[in-house]
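# Notes for the structure review
Spelled out, the chains give:
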Amino acid sequence: SEHRIVANVSATPLRPSSGMGPLTFSSRTSTHVPPLRRTDPPPPHVKRRRQRQMCIRATEKLVSATTNRYDIVVCRATAVAGQLVAEHLTGRYPAAELSVSLGGRNESQLQRLTEELTNETDRAEIPIVVGDATAPASLREMAAQTKVVCTTVGPYTSYGTPLVETCIEAGTDYCDLTGEINWVREMIDRYHDDAVAADVKIVHSCGFDSIPSDLWI
């Protein structure tokens, strides 16, 4: 895509009027600024820095992949959408194929849910991770324990940004079901380059809340 910035500037050279009166304005010109393209290559020093960062992040991610306790954490698993996601993942995939943890801020509710899902599936246990969108330290601890965070915590405009930032810092992939397109645009503008440098996938609008927007309902 191409971003154009066109500045129509009223150039107002100052000319002394006859006599001692105030200065008068004359002439009107238009200045065209060349379009800025997201695909334009960055300056060499920026490119080298990003390449170094990508190599470091990729190495860190490879190392962390061998130490992550879980394949995926379902954040806010006790909410309606989160519970549906948790039921699907734990019921469809054996524990040997996909290690799932349930995340949220209410430990007692998470315990009840994990007991219910354990009884309904062949999993011996379904661990929990306590994390609160308003407590950055708990988000960092959550992201550090998994390869992927799947979050249903909304509204994302209010609660989503810290988790996106935390996942990038931790080298953890992220997905959500937001339909808040303005927020998605903001996340791309703010964190795209950082996510690329960290070799992290940030995937928005994976269904549910985003489907009505896609259908123009």
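Residues numbered from 1 in each chain as written. Predicted model: local features only at pLDDT ≥ 70, side-chain atom pairs only at ≥ 80, totals over all residues. Heavy atoms only, no water.

### Brief notes about the pattern of salt bridges
What counts is decided by this rule: Salt bridges are defined as contacts in which a side-chain nitrogen from Lys or Arg sits within 4 Å of a carboxyl oxygen from Asp or Glu. Each helix is a run of DSSP H or I of at least 4 residues and each strand a run of E of at least 2, with the numbering of both proceeding from the N terminus. Three exposure classes are used, based on accessible area relative to the maximum for each residue type with a 1.4 Å probe and protein chains only: buried under 20%, partly exposed in between, and exposed over 50%.
Following the criterion strictly, the structure yields 3 salt bridges and no others. When the shortest N-O distance is used, the salt bridge between Arg 185 and Asp 189 registers 2.9 Å. With Arg 185 and Asp 189 both in helix H7 (residues 181-198) and 4 residues apart, the pair spans about one turn of that helix. Looking at Arg 185, the relative accessible area reads 38%, which means it is partly exposed. Across the salt bridge formed by Arg 190 and Glu 186, the nearest N and O atoms sit 2.9 Å from each other. Of the two residues, Arg 190 and Glu 186 are both situated in helix H7; the distance of 4 residues between them amounts to about one turn of the helix. Residue class for Glu 186 comes out partly exposed when judged on its relative accessible area of 32%.

### Some thoughts on a negative patch on the surface
Stated precisely, the cut-off is as follows: Here a patch means residues that are over 30% exposed by relative accessible area and free of salt bridges, tied together within 9 Å if like-charged and within 5 Å if nonpolar (Val, Leu, Ile, Met, Phe, Trp, Tyr). Note on areas: Shrake-Rupley, 1.4 Å probe, and residue coverage restricted to the protein chains presented here. Neither His nor the chain ends contribute to the count of charged residues, in which Lys and Arg are positive and Asp and Glu negative. Throughout, a charge is located at the NZ atom of Lys, the CZ atom of Arg, the CG atom of Asp or the CD atom of Glu.
A cluster of like negative charges, contributed by Glu 87, Glu 115, Glu 116 and Glu 120, occupies part of the molecular surface. As for its placement among the helices and strands, Glu 115 is situated in helix H3 (residues 107-120).

### Side note on the packing of aromatic side chains
In this description, an aromatic ring pair is defined by two values, namely the gap between the centres and the angle between the planes. Stated formally: Working definition: rings of Phe, Tyr and Trp (its six-membered ring) pair if their centres are within 6.5 Å, and the pair is stacked with planes under 30 degrees apart, edge-to-face with planes over 60 apart, and tilted otherwise.
Applying the stated criterion to the full structure yields 1 aromatic pair. Between Tyr 156 and Trp 183, the ring centres sit 5.5 Å apart and the planes meet at 35°, which makes this aromatic pair tilted. Residue Tyr 156 is found in helix H5 (residues 156-159), and its partner Trp 183 is found in helix H7; the two are separated by 27 residues along the sequence. Exposure class is identical for Tyr 156 and Trp 183. Each is buried.

### Overview of the nonpolar core
Spelled out, the test is: The set of buried Ala, Val, Leu, Ile, Met, Phe, Trp, Tyr and Cys residues whose side-chain atoms join them within 4.5 Å is what this entry labels a nonpolar core. Two residues form a contact once any of their heavy atoms are found within 4.5 Å.
Core analysis: the largest hydrophobic core is formed by 24 residues, its most contacted members being Cys 75, Leu 163, Val 164, Cys 167, Ile 168, Tyr 174 and Trp 183. The set of elements that each furnish at least two residues to this core consists of strand E5 (70-75), helix H4 (136-144), helix H6 (161-170) and H7. At 6 residues, the largest contribution of residues to this core is made by H7. The contact partners of Leu 163, leaving out residues within four places of it in the chain, are Cys 75, Leu 139, Val 149, Thr 151 and Tyr 174.

### Examining H3
What counts, and what does not: Multiplying one less than the number of residues by 1.5 Å gives the expected span of a helix. As used here, the arc belongs to the directions running from the helix axis to the C-beta atoms.
Here H3 is 14 residues long and its end C-alpha atoms lie 20 Å apart, about the 20 Å a rise of 1.5 Å per residue gives. Taken together, the buried positions of H3 are occupied by Leu 110, Leu 113, Thr 114, Leu 117 and Thr 118. All buried residues of H3 lie within an arc of 135° about the axis, which places them on one face of the element. Opposite the buried face of H3, at more than 90 degrees from it, the exposed residues are Asn 119 and Glu 120.

### Observations concerning the packing of helix H2 (residues 80-92) against H3
Put simply, the test is: Axis angles are defined between N-to-C directions and span 0 to 180 degrees, where every axis is a line fitted to C-alpha atoms and, for a helix, only to the segment in contact. By definition, any crossing whose near helix is turned counterclockwise from its far helix by less than a right angle is left-handed, and any crossing with a clockwise turn is right-handed. Following the grouping adopted for this structure description, the nonpolar residues are Ala, Val, Leu, Ile, Met, Phe, Trp, Tyr, Cys and Pro, the charged ones are Asp, Glu, Lys and Arg, and the polar ones are all others, Gly among them.
Across the interface, H2 lies against H3 with an axial gap of 10 Å and an inter-helix angle of 35°. At the point where H2 passes H3, the crossing takes the right-handed sense. Listed contacts from H3 to Gln 83, Ala 86, Glu 87 and Thr 90 of H2 are Leu 113, Glu 116 and Leu 117. Here the contact of H2 with H3 is composed, by residue class, of 3 nonpolar, 2 polar and 2 charged.

### Side note on the sheet that holds strand E9 (residues 173-176)
Convention followed: At least two bridges found by DSSP between two strands are what make those strands a pair.
Within the open sheet, the 6 strands sit side by side as E7-E6-E5-E8-E9-E10. Their pairing is parallel. Looking at the sheet topology across the chains shown, the edges are occupied by strand E7 (128-130) and strand E10 (202-203). Where E9 and E10 come together, 2 bridges link them in parallel fashion. Across the sheet, Cys 175 pairs through a bridge with Val 203, a residue of E10. Across the sheet, H2 touches E5, strand E6 (100-104) and strand E8 (146-151), and the angle it forms with E5 is around 155°.

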